[in-house]
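# Coordinate analysis (summary)
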Amino acid sequence: MKIFHTADWHLGKLVQGIYMTDDQRYVLEQFLQAIDEEQPDAIIIAGDLYDRALPPVEAVDLLDELLAEIVLKRKVPVLSIAGNHDSPTRLQFGSKLMSEAGLHIVGELSSNLQPIVLNDEFGEVHFHLVPFAEPSLVKHIFEDNNISNYDDAMKKVIESIEKKMDKLKRHVFIAHAFVTPYGDQEDNTSDSERPLAIGGSECVSAEHFKPFHYTALGHLHKAHYVLNETIRYAGSPLKYSASEANHEKGYLIVELDADGQVSVEKRPFRPRRDLRIVEGSIQEILKHPISEDYVFVRLTDLTPVVGAMEQIRTVYPNAMHVERKTLPRLESSEQGEAIRREQMDELSLFKAFHQEILGEEPSEIAQQLFEEVLQEMLEEERETKEVVVK
């Protein structure tokens, strides 16, 4: 069986005030073309179809259009679940009617975890669709007070599925979670992934997915496998933050043979506009060739740049953000024990800040100006207090 694995579409996504709907349409039209060329037997969308529970109308229309093209026109079954950004009840609406047409969407978790069964020339493949659910909800559904975190919750769900599994069939698990090799805390792959919990309690061990021939994951935006090559994130179809600038976005083609052995091939998307980081002085950047890309600019100028964004947009009209690059902090061999910041006076704080940002001590003139401004502020503060007292 040939399966397309994708996830984290985040339709309706807003990046630095710019709606990404047209860019999403651009790459998902490539997805439709790939379906025509590859003729997959099933499509998996592993959660976060939308970017928020109440998506804009344009995002709803785009999803409706795409699913109609895949399911109704091309007759390819779609198996999808709700992610942490989606509204479970909204995605669940009409699911029984839609499943008759080949659109299988599970928005809300239930204790009655029945697989979706599809067939190929080798027989049945059982797809287990498990939408994102808080541990408290899993605890309530399965009436198990021992569930305290996401790892406990996933373990409980899989145990329930495993009790009913036909071990002679092939099994594919679909989930939306923060999966790490052994459930230990690791960094997210990007800044656009919403944290699920605090202090590592969101992490789920990949060892729980051993009963399945393939596990299709969503939530983390970088395509990668966890623990072994049959447990995979497809990643998002577009870059949604500066931390994703080095990601290669696309989708996965998964081949499942008669024995359940898996081969995976990654296919890239070609974005309408790339999202990347540009670094340099303002004068260097103004010499760059004009580009329509989305850029996050880091200026290396030591002095403030007046109208930086306006200047940058003469070269990069779709620039999203500009900031001053922070220079690395210099270590001082002469400094003894670190002084707590709250114990430092205003001038010492100013010197420390200047050292941290620019990598050097402020000049005497700069210190003098700082002291004069500080003195004026203190006098104004005292005058204000005296008026209040009177």
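A quick note: this is a predicted structure, and the numbers were derived from the prediction, not measured.

Now for the sheet that holds strand β6 (residues 103–106). Remark on secondary structure: sheet strands pair via backbone hydrogen bonds, oriented parallel or antiparallel. The sheet built from six strands is open, its strands ordered β6-β5-β4-β1-β15-β16 with mixed pairing. Of all strands in the sheet, those bounded by a partner on one side alone are β6 and β16 (262–268). The mean angle between the axes of side-by-side strands here comes to 20 degrees, regardless of whether they run parallel or antiparallel. Alignment of strand β4 (residues 42–45) against strand β5 (residues 78–81), held across three bridges, turns out to be parallel.

As a further point, take the sheet that holds strand β14 (residues 228–233). Spatially, β7-β8-β9-β12-β14-β13 is the arrangement adopted by the six strands of the open sheet, whose pairing is mixed. Since the sheet does not close on itself, it has two edges, and those belong to β7 (116–120) and β13 (224–226), each with one partner. Neighbour to neighbour, the strand axes of the sheet diverge by 30 degrees on average, direction disregarded. As defined by bridge partners, strand β12 (residues 214–218) adjoins β14 across three bridges and the pair is classed as parallel. By the bridge assignment, alanine 216 is partnered in β14 with arginine 232. Across the sheet, helix α6 (residues 150–164) is in contact with β8 (123–130) and β9 (170–176); its angle to β9 comes to roughly 155 degrees.

What follows covers α6. The end-to-end C-alpha separation of α6 is 22 Å, in line with the 21 Å expected for 15 residues at 1.5 Å each. Listed in full, the buried residues belonging to α6 are Tyr150, Asp151, Ala153, Met154, Val157, Ile158, Ser160 and Ile161. At its buried positions, α6 is contacted by β8, α5 (135–142), β9 and β11 (203–205).

With five of six residues buried, strand β18 (residues 294–299) lies mostly within the body of the structure. Sheet analysis places strand β17 (residues 275–280) next to β18, joined by six bridges and oriented parallel. Looking at the pairing, glutamate 279 lines up with arginine 298 of β18. Both β18 and strand β19 (residues 321–324) contribute to a ladder of four bridges, which runs parallel. The residue of β19 that forms the bridge with phenylalanine 296 is histidine 321.

Next up on the list: the packing of α5 against α6. Look at α5 against α6: their axes get within 9 Å of each other, and the N-to-C directions meet at 35 degrees. You can see that α5 and α6 cross each other, and the crossing is left-handed. Taken together, the residues of α6 that come into contact with α5 (itself represented by Pro135, Val138 and Phe142) are Tyr150, Ala153, Lys156, Val157 and Ser160.

It is worth spelling out the pattern of salt bridges at this point. Where side chains of opposite charge bring their charged atoms close, a pairing between them can arise. Per the counting criterion, the structure on display carries 18 salt bridges. Of the charged contacts, one joins lysine 210 and glutamate 207 as a salt bridge, the two residues approaching to 3.9 Å between their closest N and O atoms. You can call glutamate 207 partly exposed: its relative accessible area is 36%. Between aspartate 293 and arginine 276 there is a salt bridge; the shortest N-O distance is 2.8 Å. Of this pair, aspartate 293 sits in the loop between α7 (282–285) and β18 while arginine 276 is found in strand β17, placing the two residues 17 residues apart along the sequence. Here aspartate 293 falls in the buried class, since its relative accessible area comes to 16%. Each member of the salt-bridge network shares a partner with another, and the members are Lys2, Glu38, Glu265 and Arg267.

Conventions adopted
Residues numbered from 1 in each chain as written. Predicted model: local features only at pLDDT ≥ 70, side-chain atom pairs only at ≥ 80, totals over all residues. Heavy atoms only, no water. Pairing = 2+ DSSP bridges. Helix = DSSP H or I, 4+ residues; strand = E, 2+ residues; numbered from the N terminus. Axes fitted to C-alpha atoms, helices over the stretch in contact; angles between N-to-C directions. Contact = heavy atoms within 4.5 Å. Expected span 1.5 Å × (residues − 1). Buried < 20%, exposed > 50% of the residue type's maximum accessible area, 1.4 Å probe, protein only. Left-handed = near helix turned anticlockwise from the far one by under 90°. Salt bridge = Lys/Arg side-chain N within 4 Å of Asp/Glu carboxyl O.

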